[in-house]
Amino acid sequence: MNLADSEEMAGHLAMRGYILTDKLDEADLALVNTCTVRDHAEHRALSFLGRLRQWKREKSGRRIIFAGCAAQRLGQKLKKTFPYLDVVSGAREIDQFAQLLDKNGFTHSDAAPNTAAKDITGYVTIMRGCDFACTYCIVPTVRGPVHCLPSTEILRNAVQKAAQGYPEIMLLGQTVNAWRENGKTFADLLNEVSALPGVARVRFVSPHPAFITPPFLAAVKDNPKIARHIHLPAQSGSTKVLQEMKRGYTREMFLEKTAALKELGFAISTDLIVGFPTETEQDFEQTLSLVEQAGFATAYCFKYSPRQGTPAAQLNLLDEKILEQRLDILLNKVKGLAERAYQAQVGREVTVLMESENKGRTSENFWIETKKSYTVGSIVNSKVISAKDTLLITRD
Ligand code: SAH
Ligand code: SF4
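Side note on the site of ligand 2
- Near ligand 2 you find Cys130, Phe132, Cys134, Tyr136, Cys137, Val139, Pro140, Thr175, His208 and Arg247, and these make up its full shell.
- When the residues that make up the shell around ligand 2 are grouped by side-chain class, the tally is 7 nonpolar, 2 polar and 1 charged.

Points about the site of ligand 1
- Taken together, 15 residues lie around ligand 1, and Gln174, Pro233, Gln235, Asp271 and Ser305 are the ones closest in.
- Residue Tyr136 places a main-chain N or O atom 3.0 Å away from a nitrogen atom belonging to ligand 1.
- One of the backbone nitrogen or oxygen atoms of Gln174 is found 2.7 Å away from a nitrogen atom of ligand 1.
- Compared with its free state, where it exposes 540 Å², ligand 1 has 91% of that area covered by protein.
- Of all the elements in the fold, those that place two or more residues in the shell around ligand 1 are strand E10 (267–274) and strand E11 (298–303).
- By residue class, the composition of the shell around ligand 1 is 6 nonpolar, 4 polar and 5 charged.
- Counting contributing residues, the shell around ligand 1 receives three or more from each of domain 2 (115–227) and domain 3 (230–335).

A few points about the sheet that holds strand E7 (residues 168–172)
- Read across the sheet, 3 strands follow the order E4-E7-E8 without closing on themselves; strand pairing throughout is parallel. Two strands bound the open sheet, and with one partner strand each, they are strand E4 (121–125) and strand E8 (201–205). Neighbour-to-neighbour, the strand axes of this sheet turn through a mean angle of 25 degrees, independent of strand direction.
- The pairing of E4 with E7 spans 5 bridges and is parallel. Paired with Thr125 across the bridge in E7 is Leu172.

Some details on the side chain of Glu168
- In this fold, Glu168 is placed in strand E7.
- Its relative accessible area of 1% is what places Glu168 among the buried residues.
- Among the polar contacts listed, one links the side chain of Glu168 to the side chain of Arg203, at a separation of 3.0 Å.
- Not counting chain neighbours up to four residues away, the residues in contact with Glu168 comprise Ile120, Thr121, Gly122, Arg201, Arg203, Leu353 and Arg361.

Quick look at the nonpolar core
- Ranked by internal contacts, the top residues of the largest apolar core, which has 51 residues, are Ile126 and Leu171.
- Setting aside chain neighbours within four positions, we find Leu171 in contact with Val124, Ile126, Val176, Phe186, Leu189, Leu190, Val193, Val202, Arg203, Phe204 and Val205.
- Counting residues in each nonpolar core, the second largest holds 17 residues, with Ala45, Trp55, Phe66 and Leu85 among its members.

So, empty space enclosed by the protein
- In this structure the tally under the stated criterion is 1 cavity of 30 Å³ or more.
- Its boundaries defined by the atoms lining it, the largest cavity holds a volume of some 40 Å³.
- Around the largest cavity sit Asp5, Met9, Asn33, Ala67, Gly68, Ser89, Gly90, Ala91, Ile94 and Arg143, which together line it.
- Contributions of two or more residues to the lining of the largest cavity are made by helix H1 (2–14), strand E2 (63–68) and strand E3 (87–90).
- Of the residues in the lining of the largest cavity, the class split is 4 nonpolar, 4 polar and 2 charged.

Side note on the sheet that holds E2
- On the basis of which strands lie adjacent, the open sheet formed by 3 strands has the order E1-E2-E3 and parallel pairing. The outermost strands of the open sheet, each flanked by one partner alone, are strand E1 (29–34) and E3. Here the strands of the sheet are splayed against their neighbours by 15 degrees on average, with no regard to which way each runs.
- Here E1 runs beside E2; their pairing, made up of 6 bridges, is parallel. Note on E2: the bridge partner recorded for Ala30 is Ile64.
- The sheet strands contacting helix H2 (residues 39–58) are E1 and E2, and the helix crosses E2 at an angle near 170 degrees.

Quick look at the domain arrangement of the protein chain
- When its domains are assigned, the protein chain resolves into domain 1 (2–103), domain 2 (115–227), domain 3 (230–335) and domain 4 (342–394).
- Taking the mean C-alpha position of each, domain 1 and domain 3 sit 32 Å from one another.
- Facing 6 residues of domain 1, the contacting portion of domain 3 comprises 5 residues.
- Taking both sides of the interface into account, the surface hidden between domain 1 and domain 3 amounts to around 450 Å²; carbon and sulfur atoms contribute 39%.
- Broken down residue by residue, the surface that domain 1 buries against domain 3 is led by Arg38, Asp39 and Arg73, which jointly contribute 83%.

What about helix H7 (residues 151–164)?
- For H7, built from 14 residues, the straight-helix expectation of 20 Å at 1.5 Å per residue is met to within 8% by its first-to-last C-alpha distance of 20 Å.
- Within H7, the full set of buried residues consists of Ser151, Ile154, Leu155, Ala158, Lys161 and Ala162. The arc that holds every buried residue of H7, seen down its axis, measures 125 degrees, which confines them to one face. Away from the buried face of H7 by more than 90 degrees, exposed residues Thr152, Arg156 and Ala163 are located.
- On its buried side, H7 packs onto H1, E4, E7 and helix H8 (186–194).
- The first or second residue beyond H7 is Gly165, which carries a positive phi of 110 degrees.

Details of the pattern of salt bridges
- This structure, assessed with the given rule, holds 25 salt bridges.
- With its nearest N and O atoms 3.3 Å apart, the salt bridge here joins Lys59 to Asp28. Taken as a pair, Lys59 in the loop between H2 and E2 and Asp28 in the loop between H1 and E1 lie far apart in primary sequence, 31 residues in all.
- Three or more residues joined by partner-sharing salt bridges are found here, namely Glu168, Arg201, Arg203, Glu355 and Arg361.

Conventions and cut-offs
For every chain, the first residue of its written sequence is number 1, and the numbers climb from 1 along that sequence. Chains and ligands are labelled by the order in which they are written, letters from A for the one and numbers from 1 for the other. Predicted model: local features are reported for residues with pLDDT of at least 70 only, side-chain atom pairs are reported and counted for 80 or more only, and whole-chain, interface and lining totals are derived from all residues. Where side-chain values are given, they derive from all heavy atoms of the structure, hydrogens and water being excluded. If a single non-hydrogen atom of a residue is within 4 Å of a molecule or strand, that residue counts as near it. Under the scheme applied, nonpolar residues are Ala, Val, Leu, Ile, Met, Phe, Trp, Tyr, Cys and Pro; charged residues are Asp, Glu, Lys and Arg; polar residues are all the others, including Gly. Here a polar contact is taken to be a pair of N or O atoms separated by no more than 3.5 Å, where protein atoms must pair a possible hydrogen donor with a possible acceptor and residues adjacent in sequence count only if both atoms sit in side chains. In these tables, accessible area is a Shrake-Rupley quantity obtained with a 1.4 Å probe, and a residue counts as shielded only by the protein chains included in the view. The helix and strand labels rest on DSSP assignments: H or I over at least four residues marks a helix, E over at least two residues marks a strand, and numbering proceeds from the N terminus. Note that domain bounds follow an automatic or database assignment of domains. One bridge is not enough; two strands pair if DSSP finds at least two bridges between them. Here the axes come from fitting lines to C-alpha atoms, over the contacting stretch only for helices, and the angles between their N-to-C directions go from 0 to 180 degrees. Exposure classes here rest on a 1.4 Å probe applied to the protein chains alone. A residue is buried below 20% of its type maximum, exposed above 50%, and partly exposed in between. The contact criterion used is simple: two residues touch if any of their non-hydrogen atoms lie within 4.5 Å. Note on terminology: a nonpolar core comprises buried Ala, Val, Leu, Ile, Met, Phe, Trp, Tyr and Cys residues joined through side-chain atoms within 4.5 Å. Lining residues are defined by having an atom within 4 Å of a point belonging to a cavity or pocket. Those points lie on a 1 Å grid over the protein atoms alone, cavities being sets where a 1.4 Å probe fits but cannot get out and pockets being open sets with protein on both sides within 12 Å along at least five of seven lines. Grid points are joined across faces, edges and corners, and a volume is the space filled by probe spheres set on the points. The quantity reported as buried area is the accessible area (1.4 Å probe) lost by two parts once they are put together, taken as the sum for both. To estimate the expected span of a helix, subtract one from its residue number and multiply by 1.5 Å. Each C-beta atom gives one direction from the helix axis, and the arc is the one those directions make. We count a salt bridge whenever a side-chain nitrogen from Lys or Arg sits within 4 Å of a carboxyl oxygen from Asp or Glu.

Here it is as structure tokens:
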């Protein structure tokens with residue numbers, strides 16, 4: 001999501017004559033796009049902003065824009081602590097970013113922005129915000145309620161990305177599969193995007209388990225262009241904690257959904273939070289056993305981070321030592337998942353989208369090396385003959 005927002009902001013800057021560089025000492029403008037989902041993310045963004053003070057002093061005319069969710073949360077207060085900051089642009093204001101630039105003297109130039117594809121995946125935002133109210137989460141506060149983009153605009157953006165040379169389209173939203181428009185569902189949209197000229201594969205992130213329903217599964221079942229990988233955050237394996245988190249599903253419901261997805265050939269990755277304030281030793285063990293049972297290909301594990309203003313922030317925190325211990329145990333548990341998932345691919349027929357001449361990703365999102373060379377962006381059907389750590393090798 002942040003990558004897509006950064007691209008969008010960079011696009012507006014390109015129309016004002018700016019060229020992207022990742023070398024700070026070459027830059028005239030630093031655009032800091034931020035996350036605030038955990039305190040650590042916000043902290044890193046702010047300490048980077050602190051370091052930019054010296055950078056700004058070194059050359060006159062240098063400017064700084066601080067954008068995204070941390071900017072949204074902290075607002076104009078930021079200018080008090082960081083008086084050298086030029087522009088604050090909250091995540092909710094992304095649609096007005098161009099006007100904000102105009103207002104702050106970033107004027108249009110005649111420069112033609114370079115829009116040629118940089119890699120394989122083109123990001124297309126389809127919805128913003130979130131209508132859930134998970135008790136630990138700051139996203140609804142900073143991103144606001146759900147706003148679905150119209151399908152006409154989404155399809156136009158996807159066509160444009162494909163024409164720029166992105167054969168894989170990644171549809172984005174905080175709860176991406178909550179997208180809807182009159183009678184049209186998210187599954188309808190997936191099918192429509194996959195049928196656009198130049199689109200070889202469609203992915204999406206982040207889906208919420210609530211919308212993984214039998215009609216959704218039926219609608220994607222026969223469309224091989226919809227990638228067979230899903231990142232489906234579980235957060236916890238304990239029904240009691242899931243209820244306290246207000247996730248809206250039980251452990252059993254989550255497992256039913258993952259079983260149905262696996263039936264259709266989906267590889268599944270997930271997010272897990274350890275140390276939610278009410279998490280007991282038994283609850284934590286339920287998370288460990290969920291990892292066993294669900295057969296995740298990967299899991300991102302986070303230590304619970306209290307976010308000001310969320311309901312869970314009112315609860316007493318668990319001891320930091322317990323949090324560290326549980327995170328450690330969980331990380332150890334998930335360490336071997338990827339290797340196991342790669343190994344399980346050996347012998348399977350796979351569809352590979354090439355990302356370089358000899359390397360690509362399977363529909364299930366596993367990295368794979370080919371024997372022969374192929375054109376970047378082409379689809380190759382082959383068989384997996386072996387797996388080494390987290391790399392598959394094809395027959396062809
Ligand atoms: N909309 C997605 C998640 C978006 S936030 C969903 O509902 O699944 C991305 C991830 O950050 C979450 O999946 C969660 O694991 C983690 N996260 C969110 N708030 C957190 C907090 N307060 N502490 C620790 N991890 C958190
Ligand atoms: Fe946060 Fe829950 Fe919304 Fe995901 S669904 S963004 S975790 S409130």
